[in-house]
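Understanding the architecture of this molecule
Residue-level listing of the chains:
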Amino acid sequence: MSVAIVKPRIRGFICTMAHPVGCVRLLERQIARAKHPLRDTGPRTVLVIGGSTGYGLATRVVAAFGHGADTVGVSFERAPRPGKPASPGWYNNRAFEAAARREGRLALTWEGDAFSSEAKQAVAATLRRAGRQVDLVVYSLAAPVRRHPGTGTLHRSVLKPIGAPFVSKSVDIWTGEVSPVEIAPASPEEIAETIAVMGGEDWELWIDHLSRADVLSDGFKTLAFSYVGGPLTWPIYRDGTIGRAKADLDRSASKLRAAFGSEAARVVALKAIVTQASAAIPVVPLYGAALMKVMAAYGVEEDSLDQARRLLDGIYRSQEPALDAEQRLRLDEYELSQPVQTEIDRIWPKLTSANVGDFSDIERFRTHFLNLFGFGVAGIDYDRPVDLMATDHARPASNAS
Ligand code: NAD
């Protein structure tokens, strides 16, 4: 047991502390929302690679508590040490397992490096032992580095434009200071490195491994998440290094469809939300704060749970979301709708430190960011010491291996 008062400690776009009770409380809220209404159709067994935070966690929650699926999660976590909390995903995983088991659902979690062969072997062995075949594999990793399982090389991704410098503006979400940014274009090596980390090779390796281990059901589906975004973000996202990696996911999806069937694999374009991964992308926090305000004004705002619900409902209940020319499922139509993007284009040149609170929802963006780490949750007394080592609010994970 290690008891401490936990407060946010922020360095740039990273918070190095997490509040166990806050993480659990927010997860419980997601679970409660996912339950209504309960769906009687959907996948029976779901594997979520990158399932401890953000879009992966929301999809795992909807699969388990909205559709009654058994789930296996894979994520990379930092365990607690005396006086130092764990990563938010570590608390989320344990709270998720406890909640799923309370409802009689299987929930197993493997914590470690999803890019490794060990991860793939461990998950396949766990599924075989449990006598399970997976109906849906969700690939939701967002990682800065990848050690290649074949070569041992450590690849590092970068978030840079390609071909020309990107000149735009960014915000310090804590001070509200809006300042110009100029990001130099990536070298060909940096582009290749980013594709090696965030491209489709690892997704293909997962499916290949699971298929050889015979733990994929007939007619299984696999989804990988992507982002297209509005034109303001294109130089740094869609047309930048990360966009090249996402285009590589499209290549992998088409290869997987050729191997496993025309409906087996899809890339899904989702809307921008606040996550640890998206907060690290230059320009995106200011765009995201403006987007929050504009989408709320038009009454079309969605969070990760809304998107995950629409995704699984679309696939398993009624109509699949629209497919684009690259055969991706699109759930970003509200973000990219003409009125929303026109309004963003109108306010963007005017945004300054003096008016960022009027033209964007920087305050709510801050709260969402704090929420990622269990902070900023109403009703929690953050001056009270908490047990960091997992007790009633965070039980040990199953350590599936
Ligand atoms: P996130 O940071 O909230 O989640 C990333 C997940 O990956 C976590 O569970 C983390 O533990 C796991 N992970 C990272 N490295 C790992 C490793 N080596 N081994 C095992 N697990 C590892 O990110 P997110 O924003 O939810 O992103 C998930 C996906 O959704 C990404 O493909 C991202 O591009 C996509 N997406 C995000 C947004 C957005 O606005 N956040 C929008 C559209 C699409």
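For the structure itself, consult the block above.
Now for a quick tour of the structure. Fair warning: this is a prediction, and the values are worked out from it, not measured in the lab.

The next thing to look at is the overall build of the chain. Along the chain, the regular secondary structure elements total 13 helices and 15 strands. Over its C-alpha atoms the chain spans a radius of gyration of 20 Å, differing by no more than 12% from the 21 Å that the globule rule assigns to 401 residues. For the chain, the spread of C-alpha atoms along the principal axes amounts to about 60 × 55 × 45 Å. Looking at the chain as a whole, 57% of its 401 residues are labelled buried. At a minimum sequence separation of 6, the contacts of the chain that also span at least 24 residues come to 79%. A gap of 3 Å separates the mean positions of the 48 positive and 46 negative side-chain charges of the chain.

The next point concerns the site of the ligand. Around the ligand, the surrounding shell holds 30 residues, and the nearest of these are S52, Y55, A114, K246 and T275. F76 places a polar main-chain atom, nitrogen or oxygen, 3.1 Å from a nitrogen atom of the ligand. One of the backbone N or O atoms of A114 is found 2.7 Å from a nitrogen atom in the ligand. If the ligand stood free it would expose 840 Å²; the protein chains cover 91% of that surface.

The subject of this paragraph is the environment of W174. When you line up the elements, W174 lands in the loop between β10 (166-171) and β11 (178-183). Accessibility expressed as a relative area gives 31% for W174, which makes it partly exposed. Distance from W174 to E363, taken between C-alpha atoms, is 9.1 Å for residues 189 residues apart in sequence. When sequence neighbours within four positions are dropped, the list of residues in contact with W174 reads I10, G12, R366, F369 and L370.

This part takes up the side chain of S252. Relative to the elements of secondary structure, S252 occurs in helix α7 (residues 241-260). The contact partners of S252, leaving out residues within four places of it in the chain, are G200, E201, W203 and E204.

What follows deals with the nonpolar core. In this structure, Y287, I344, F369 and F375 are the most contacted members of the largest nonpolar core, which totals 56 residues. Considering every element that reaches this core, the biggest residue donor is helix α9 (residues 284-297), with nine residues. Ignoring sequence-local partners within four residues, the contact set of Y287 consists of Y227, G229, G230, L232, T233, A272, E335, Q341, I344 and W348. Judged by nonpolar contacts, the second largest core, of 35 residues, contains L27, V48, V61 and I273.

Considering all chains together, one arrives at 29 salt bridges under this definition. In this structure, R33 and D306 form a salt bridge, with 3.0 Å as the shortest nitrogen-oxygen distance. Here R33 is found in helix α1 (residues 20-34), whereas its partner D306 is found in helix α10 (residues 304-316), with 273 residues between them in sequence. Taking the shortest distance from any N to any O, the salt bridge between E263 and R266 comes out at 3.7 Å. Three or more residues are tied together by salt bridges with common partners; here these are D250, D324, E326, R328, R330 and D332.

Turning to α9, a few remarks are in order. Between the first and last C-alpha of α9 there are 19 Å, a value that for 14 residues agrees with the 20 Å anticipated at 1.5 Å per step. A large share of α9 lies buried, amounting to 11 of its 14 residues. Along α9, the residues classified as buried are V284, P285, L286, Y287, G288, A289, A290, L291, M292, V294 and M295. Directly beyond the C-terminal end of α9, a positive phi value near 70° is found at G299.

Look at α10: 18 Å from first C-alpha to last across 13 residues, which is about the 18 Å you get at 1.5 Å a residue. Most of α10 is tucked away, with 11 of its 13 residues classed as buried. Here α10 has its buried residues at S304, L305, Q307, A308, R309, L311, L312, D313, G314, I315 and Y316. In the core, the buried residues of α10 are packed alongside α1, α2 (54-67), β7 (134-139), β12 (216-226), β13 (265-269) and β14 (329-330). The residue sitting at the N-terminus of α10 and contributing the capping side-chain oxygen is D303; that oxygen lies 3.1 Å from the backbone nitrogen of L305.

Turning to the packing of aromatic side chains, a few remarks are in order. According to the stated counting rule, one finds nine aromatic pairs in the structure shown. Their ring planes at 75° and their centres at 5.5 Å tell us that F65 and F96 sit as a pair that is edge-to-face. Pair noted here: F65 is in helix α2 and F96 is in helix α3 (residues 88-102), with a separation of 31 residues, a long-range link. The two residues F65 and F96 agree in class, both being buried. The interplanar angle of 55° and the centroid separation of 5.3 Å between the aromatic rings of F369 and F373 together place this pair among those described as tilted. Exposure class is identical for F369 and F373. Each is buried.

A word on the sheet that holds β14. Taking strand neighbours across the sheet as the criterion, the seven strands line up as β6-β5-β4-β7-β12-β13-β14 in an open arrangement whose pairing is parallel. Whereas interior strands pair on both sides, the edge strands pair on one side only; in this sheet they are β6 (107-111) and β14. Sheet topology note: the strand β4 (residues 45-49)/strand β5 (residues 70-75) ladder contains five bridges and is parallel. Considered in β5, the bridge of L47 is made with V72. Most of the contacts of helix α4 (residues 117-129) go to β6, to which it runs at about 160°, and overall it touches β4, β5, β6 and β7.

So, how was this worked out
- Residues numbered from 1 in each chain as written.
- Predicted model: local features only at pLDDT ≥ 70, side-chain atom pairs only at ≥ 80, totals over all residues.
- Heavy atoms only, no water.
- Helix = DSSP H or I, 4+ residues; strand = E, 2+ residues; numbered from the N terminus.
- Rg over C-alpha atoms; globule rule 2.2 N^0.38 Å.
- Buried < 20%, exposed > 50% of the residue type's maximum accessible area, 1.4 Å probe, protein only.
- Contact = heavy atoms within 4.5 Å.
- Lys, Arg positive; Asp, Glu negative; His and termini not counted.
- Charge placed at Lys NZ, Arg CZ, Asp CG, Glu CD.
- Near = heavy atom within 4 Å.
- Polar contact = N/O pair within 3.5 Å; in protein donor to acceptor, adjacent residues only side chain to side chain.
- Areas by Shrake-Rupley, 256 points an atom, 1.4 Å probe, with all protein chains shown as cover.
- Core = buried A, V, L, I, M, F, W, Y, C linked by side-chain atoms within 4.5 Å.
- Salt bridge = Lys/Arg side-chain N within 4 Å of Asp/Glu carboxyl O.
- Expected span 1.5 Å × (residues − 1).
- Phe/Tyr/Trp six-rings, centres within 6.5 Å; stacked < 30°, edge-to-face > 60°.
- Pairing = 2+ DSSP bridges.
- Axes fitted to C-alpha atoms, helices over the stretch in contact; angles between N-to-C directions.

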